[in-house]
Amino acid sequence: MKAMLLRQVWDLHTQPTPLELVELPIPEPGKGELRLHISACGVCHTELDEIEGRTPPPRYPVIPGHQVVGRVEKAGRGANRFKPGERVGIAWIYSACGICSYCLAGEENLCAQFRATGRDANGGYANYMTVPEKFAYPIPPLYSDSEAAPLLCAGAIGYRSLRLSGLQDGQNLGLTGFGASAHIVLKLAQYQYPRARIFVFSRSEPEQAFARELGAEWAGGIEDTPPVKLESIIDTTPVWRPVVEALRNLAPGGRLVINAIRKEDLDKASLTQIDYPTHLWMEKEIKSIANITRRDVEEFLQIAAQIPIRPEIQEYALEDANLALSEMKNRKIRGAKVLSLE
């Protein structure tokens, strides 16, 4: 099979092609596992965090990719949830222990043995992969393979972020950064909170224009001041300055949700500019999002199909994964990027 392989940590500024196209044996499913013939895989900023060493794989080489859509080709012993040929999706959560207090409470995203697709186990930048059947999800029929891929991470993690933001209908929601996840969150919020007003902050004027096109009340730069204070803000950026600015724009009692696996260090000094009365006083909150649960994926796929949410996508061939990642690194983004393997 063809696969894009990561062999080590790279600096994308000096190595713009960190993934190597290789031929590998087709993997065999183990007990309770499925083998998928992959048709599409979303490209996520978390892949940049893996490549650049902010959340490195525990071992090399590894096949990245965790927004995977494919068809069940073979089932291992004891795997019987899905039939051959059935279309399923795989998300960031590859497995968890299933027996700790977090798993038993449905919060397996916090499990100490949490394993991530495309980091702790081979992912979807390939023709085939294996996965425990408990962590595979039916895909609603209305979506094409490429449309479904970003729903599995950008959508599901956005759903979790919005759920944990505490937003009430009629309040003001801020979205900092406007890539794959935020553009889905905007559509979701419009459906779940129809009286909420949505304000978008982005360094990119094309992203600001895209946000207005999708119905944002206001869109401006990261350091711009919106016309009102915001009860909830979801930050999807990879850097720190937007965190400081978001805290400044929160209403009293407001909550900032940071939707990021890791943050880059390049502007970390911005945190020294936090002024307690301006940024943190008046019972403002900061909450991080750690991974996702199976519940997040299952619920979001159902809700997305009901609305329906159709993500904006840009498609690339598997061989062009490095190009897609380089464009993401350089903020050439409109919606979600997807590798099409068909």
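Residues numbered from 1 in each chain as written. Predicted model: local features only at pLDDT ≥ 70, side-chain atom pairs only at ≥ 80, totals over all residues. Heavy atoms only, no water.

S.K.: So what's going on with the packing of aromatic side chains? Residues and values would help.
M.R.: For the coordinates displayed, the defined rule picks out 4 aromatic pairs. Pairing Tyr159 with Phe300 gives two aromatic rings, centres 6.1 Å apart and planes at 40 degrees, and the pair type is tilted. Note that Tyr159 is positioned in helix H4 (residues 154–164) and Phe300 in helix H9 (residues 294–306), a separation of 141 residues in sequence. For Phe300, a relative accessible area of 0% corresponds to the buried category. Centre to centre, the rings of Phe201 and Trp218 are 5.2 Å apart; their planes meet at 65 degrees, and the pair counts as edge-to-face. Here Phe201 is found in strand S11 (residues 197–201), whereas its partner Trp218 is found in strand S12 (residues 218–220), with 17 residues between them in sequence. Owing to a relative accessible area of 3%, Phe201 belongs among the buried residues under this scheme. An aromatic cluster is present here, built from Phe199, Phe201 and Trp218 joined pairwise through their rings. Sitting over the ring of Phe135, Arg294 keeps its end group 4.6 Å from the ring centre. (Phe/Tyr/Trp six-rings, centres within 6.5 Å; stacked < 30°, edge-to-face > 60°. Helix = DSSP H or I, 4+ residues; strand = E, 2+ residues; numbered from the N terminus. Buried < 20%, exposed > 50% of the residue type's maximum accessible area, 1.4 Å probe, protein only. Lys NZ or Arg CZ within 6 Å of the ring centre and 35° of its normal.)

S.K.: Describe helix H7 (residues 241–249), with residues and values.
M.R.: Of all 9 residues making up H7, 9 are buried, and the element is well covered by its neighbours. Listing the buried residues of H7 in full gives Arg241, Pro242, Val243, Val244, Glu245, Ala246, Leu247, Arg248 and Asn249.

S.K.: I'd like to hear about H4, residue by residue, with values.
M.R.: Among the 11 residues that make up H4, 10 are buried, leaving the element largely enclosed by the rest of the structure. Those residues of H4 lying buried are Ala154, Gly155, Ala156, Ile157, Gly158, Tyr159, Arg160, Ser161, Leu162 and Leu164. As for H4, its buried residues are in contact with strand S10 (172–176), helix H5 (180–192), strand S13 (230–235), strand S14 (250–258), strand S15 (285–288) and H9. Directly after H4, the chain includes Gly166, whose backbone phi takes a positive value near 80 degrees. (Contact = heavy atoms within 4.5 Å.)

S.K.: Which residues make up the sheet that holds S14, and what are the values?
M.R.: Sheet architecture is open: 6 strands sit in the order S12-S11-S10-S13-S14-S15, paired in parallel fashion. Looking at strand neighbours, the two that pair on one side only are S12 and S15, the edges of this open sheet. Taking the axes of each pair of neighbouring strands and ignoring which way they run, one obtains an average angle of 15 degrees across the sheet. In the sheet, S10 pairs with S11 via 5 bridges, with the strands oriented parallel. Within the sheet, the bridge partner assigned to Gly174 lies in S11 and is Phe199. In the packing of H4 onto the sheet, the strands contacted are S10, S13, S14 and S15, and the crossing angle to S14 comes to about 155 degrees. (Pairing = 2+ DSSP bridges. Axes fitted to C-alpha atoms, helices over the stretch in contact; angles between N-to-C directions.)

S.K.: Now, about the nonpolar core: what can you tell me, with residues and values included?
M.R.: If you look at the biggest cluster of nonpolar residues, it comprises 51 residues, and the most contacted ones within it are Leu175, Phe178 and Val200. When contributions to this core are tallied by element, the ones reaching two or more residues are H4, S10, H5, S11, helix H6 (205–213) and H9. Every residue in contact with Val200, bar those within four places of it in the chain, is listed here: Leu175, Phe178, Leu186, Ala211, Ala216, Trp218, Ala219 and Gly220. (Core = buried A, V, L, I, M, F, W, Y, C linked by side-chain atoms within 4.5 Å.)

S.K.: Lay out the packing of H5 against H9 with the relevant residues and their values.
M.R.: Their axes nearest at 11 Å, the elements H5 and H9 cross at an angle of 70 degrees. Between H5 and H9, the angle is such that the two are roughly perpendicular. Residues Ile184, Leu188, Tyr191 and Gln192 of H5 lie in contact with H9, whose contacting residues are Phe300, Ile303 and Gln306. Among the residues forming the contact of H5 with H9, the class breakdown is 5 nonpolar, 2 polar and no charged. (Parallel < 35°, antiparallel > 145°, perpendicular 65-115°, else oblique. Nonpolar A, V, L, I, M, F, W, Y, C, P; charged D, E, K, R; others polar.)

S.K.: Please set out the pattern of salt bridges residue by residue, giving values where relevant.
M.R.: Under the definition given, this model contains 30 salt bridges. Of the charged contacts in the structure, one is a salt bridge between Arg248 and Glu245, with a shortest N-O distance of 2.7 Å. Linking Arg248 with Glu245, this pair stays in helix H7, spanning 3 residues, or about one helical turn. The exposure class assigned to Glu245 is buried, which follows from its relative accessible area of 7%. Here the salt bridges share partners, and the residues they tie into one network are Asp49, Glu52, Arg54, Glu264 and Lys329. (Salt bridge = Lys/Arg side-chain N within 4 Å of Asp/Glu carboxyl O.)

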